[in-house]
Amino acid sequence: MAGLPPFSGFIGKLLILNAAFDTTYAAWIWAVILIASLISVVGFARAGSVLFWKAQSVERDETAEPSPAPSGLSYVAVGGLITLLVGHTVFAGPATQYTSAISAQLFAPEQYLSTVLETPGKLSDPTEGAH
């Protein structure tokens, strides 16, 4: 969320900042993105400190049943998400090249249109010359 390295959000933030470099609003875009990242980092740090420091001051209810141990499937799910996060970071270059090629095709549809609209064997129009 905050776009800090080594996570994949950092690469996305760098790509946005790089794309905004040559625009007339580059200073505004950089300021908004970097200030939003700073606010996110401060907010997450405050939430984390409140969560961890307040957890010690809660009294324990001795009559409550202990919660069951997490199942193996929950560890697999968390491990899978962490693996995907690392994969997004490691393979950011190929993913960026792939999405750049997609955007180039979207902004230059001539090849697509010629392929789709091209007829392999042009049939004569039966109404042609009927007038």
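One numbering rule holds for all chains: residues counted from 1, following each sequence as written. In view of the model being predicted, local features appear only for residues whose pLDDT reaches at least 70, and side-chain atom pairs are presented and counted only at 80 or more, with totals across whole chains, interfaces and linings using the full set of residues. Derived side-chain values reflect all non-hydrogen atoms in the structure, with water molecules and hydrogen atoms excluded from consideration.

**A few points about the overall build of the protein chain**
Line of reasoning, step 1. Here a strand is any run of E in DSSP of at least two residues, a helix any run of H or I of at least four, and the numbering for each starts at the N terminus. Broken down by element type, the protein chain carries 5 helices and 0 strands.
Line of reasoning, step 2. Reading the secondary structure of the protein chain in the N-to-C direction produces α-α-α-α-α.
Line of reasoning, step 3. Burial status across the protein chain gives 7% buried among its 131 residues.
Line of reasoning, step 4. Should any heavy atoms of two residues lie within 4.5 Å, those residues are considered in contact. For the protein chain, contacts bridging at least 24 residues in sequence account for 53% of all contacts bridging at least 6.
Line of reasoning, step 5. Only the protein chains shown count as covering a residue, and every accessible area follows the Shrake-Rupley method with a 1.4 Å probe. Of the accessible surface of the protein chain, which amounts to about 11700 Å², a share of 69% is contributed by carbon and sulfur atoms. A 1.4 Å probe rolled over the protein chains alone gives each residue an accessible area, and that area as a share of the maximum for its type sets the label: buried under 20%, exposed over 50%, partly exposed in between.

**Focus on the side chain of Ser37**
Line of reasoning, step 1. Looking at where Ser37 falls in the secondary structure, it is placed in helix H2 (residues 26-55).
Line of reasoning, step 2. Judged by its relative accessible area of 10%, Ser37 falls in the buried class.
Line of reasoning, step 3. Distance and chemistry together define a polar contact, namely a pair of N or O atoms within 3.5 Å, with one atom able to donate a hydrogen and the other to accept it when in protein, and with adjacent residues in sequence counting only for side-chain atoms on both sides. Separated by 3.1 Å, the side chains of Ser37 and Lys13 make a polar contact.
Line of reasoning, step 4. Residues in contact with Ser37, not counting those within four places in the same chain, are Ala2 and Lys13.

**Here's the deal with a nonpolar patch on the surface**
Line of reasoning, step 1. A grouping of Val78, Ile82, Val86, Val90 and Phe91 is seen on the molecular surface, where their side chains present a nonpolar patch of about 480 Å² in accessible area.
Line of reasoning, step 2. With respect to the element layout, Phe91 can be found in the loop between helix H3 (72-90) and helix H4 (92-107).
Line of reasoning, step 3. A residue is classified by how much of its surface remains accessible, and Phe91, at 55% relative accessible area, is exposed. Two joining distances apply to patches: 9 Å for like charges and 5 Å for nonpolar side chains (Val, Leu, Ile, Met, Phe, Trp, Tyr), and every residue must have over 30% relative accessible area and no salt bridge. By definition, a salt bridge exists where a carboxyl oxygen of Asp or Glu is found within 4 Å of a side-chain nitrogen of Lys or Arg.

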